[in-house]
Amino acid sequence: MATAQPKLPAGAAAARRLARGCWSAFWDYETPKVVVVRNRRLGVVYRAVQLLILLYFVWYVFIIQKSYQDRETGPESSVITKVKGITTSEHKVWDVEEYVKPPEGGSVFSIITRIEITSDQTLGTCPESLRVGNAACHSDDDCVAGGLDMLGNGLRTGRCVSYYHGDSRTCEVSAWCPLEDGASVSQFLGKMAPNFTILIKNSIHYPKFKFSKGNIASEKGDYLKHCTFEQDSDPYCPIFRLGFIVEQAGENFTELAHKGGVIGVIINWDCDLDHSESECNPKYSFRRLDPKHVPASSGYNFRFAKYYNTNGTTTRTLIKAYGIRIDVIVHGQAGKFSLIPTIINLATALTSIGVGSFLCDWILLTFMNKNKIYSHKKFDKVCTPRHPSSSWPVTLALVLGQGPPPPSCYSRDQLPSPPPGQEGRPRDKGQS
């Protein structure tokens, strides 16, 4: 006769049940319940949303954006420029050394096309310019000796003198005299400037992919001495006529040469490194960078001076130069197939397809006529026991054997059947 197992205390039994439930939750597999709703309109909406999401990822994300590639933006770049050409003004011949500033050949340089020259300036006293605020005067009392206007040309002497021309009078200043207002002469250098040639050497490097390339063809000999840039026939001959650059930027050369302006030469290196190196080619574009329709910001000019020593006296020639500034801007990006972004974007695409289910469930449970029936079929409602044991202190007490176990709770269609012959009889108070 088998011996009866000793009955465990209530606390130990509760602890065992809790441990068994934890292990069961760890090893069990849960799968969502699937409810098939035979509704043609809802099915069309569901498949249409899935198709749109699929087209977005296949066409835009993977084909257009190439999101299966690892990318690097902003290549390491070097630019060297060289200008060639000769032009003339009313009084002299100008070569590259005189009309290109600065002469180092960097990515930003200016080609002078018009100048205003003020010759033989010496340190002395002369009337202040009328362009300076509060420079006009009627007597010496209007001019304070030692006064200094930061927008003016020199230190005031305290005298009111006649202006260079006309009946106006201005305060006298100690400065380089005569000022521009009194003796400047304009000369135009842009007559032959459209034929100037500009060589732009550019090399780029993408360190992530260890890829380098330049914009000059590898032909030997004097290839560069006889070619000019053509996008179709000579894309690797980066020699541009200045007139061609201005024309491609949509500007009038004569107007630009008189007022000055800034033209951007933009070199774009977009390289798909899944293909051969020969398909990674520079693409050039040109546009004006200064706002020509805003008078206060349009145009480009700067000043510089040339100094001389004549018989122990220092003189200078002040030059206000108008010109075309060229900014060479290099940008681009390179891409190459990589497994990590491919997996990430595939996972995103598969997850996004679930948006169709979310949308259709919302329509099904909100706007359909039989939404309550669909909700009852879709969800199994589980009753939560309203018992003090649902709180943490009581639950801990159950584990330690210090309280009664919680009552069983069933949904309406899962209530246990009463014993035969007891249908409709009320339960005893002691039954749980």
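See above for the structure.
Looking at the packing of helix α7 (residues 339-352) against helix α8 (residues 354-366)
Then, number 1: Between α7 and α8, the least distance of the axes is 4 Å, while the angle of their chain directions is 20°. In terms of orientation, α7 and α8 fall into the roughly parallel class. Across the interface between the two elements, L350, T351 and S352 of α7 pack against G354, V355 and G356 of α8.
Then, number 2: Grouping the constituent residues of the contact of α7 with α8 by class yields two nonpolar, four polar and no charged.

Thoughts on the nonpolar core
Then, number 1: One finds Y99 and L242 to be the most contacted residues of the largest nonpolar core, which totals 47 residues.
Then, number 2: When residues no more than four places from it in sequence are discounted, the contact partners of Y99 are V83, K84, G85, I86, T87, W94, S110, I111, I112, L189 and F196.
Then, number 3: Ranked by size, the runner-up nonpolar core spans six residues in total, among them V49, I53, F62 and A349.

Some remarks on a nonpolar patch on the surface
Then, number 1: Taken together, L54, Y56, V58, W59, Y60, I63 and I64 make up a surface patch of nonpolar side chains, about 700 Å² in accessible area.
Then, number 2: As for its placement among the helices and strands, I64 is situated in helix α2 (residues 40-64).
Then, number 3: The exposure class assigned to I64 is partly exposed, which follows from its relative accessible area of 44%.

So, the packing of α2 against α7
Then, number 1: Relative to each other, α2 and α7 sit at 160°, their axes nearing to 9 Å. Here α7 runs roughly antiparallel to α2, going by the angle between their axes. Between α2 and α7 lies a crossing of right-handed hand. Contact residues: α2 offers I53, F57, V61 and F62, while α7 offers N345, L346, T348, A349 and S352.

How each quantity is defined
- Residues numbered from 1 in each chain as written.
- Predicted model: local features only at pLDDT ≥ 70, side-chain atom pairs only at ≥ 80, totals over all residues.
- Heavy atoms only, no water.
- Axes fitted to C-alpha atoms, helices over the stretch in contact; angles between N-to-C directions.
- Helix = DSSP H or I, 4+ residues; strand = E, 2+ residues; numbered from the N terminus.
- Parallel < 35°, antiparallel > 145°, perpendicular 65-115°, else oblique.
- Contact = heavy atoms within 4.5 Å.
- Nonpolar A, V, L, I, M, F, W, Y, C, P; charged D, E, K, R; others polar.
- Core = buried A, V, L, I, M, F, W, Y, C linked by side-chain atoms within 4.5 Å.
- Buried < 20%, exposed > 50% of the residue type's maximum accessible area, 1.4 Å probe, protein only.
- Patch = residues over 30% accessible without salt bridge, like charges linked within 9 Å, V, L, I, M, F, W, Y side chains within 5 Å.
- Areas by Shrake-Rupley, 256 points an atom, 1.4 Å probe, with all protein chains shown as cover.
- Salt bridge = Lys/Arg side-chain N within 4 Å of Asp/Glu carboxyl O.
- Left-handed = near helix turned anticlockwise from the far one by under 90°.

Treat this as a map of the structure, not an account of what it does.
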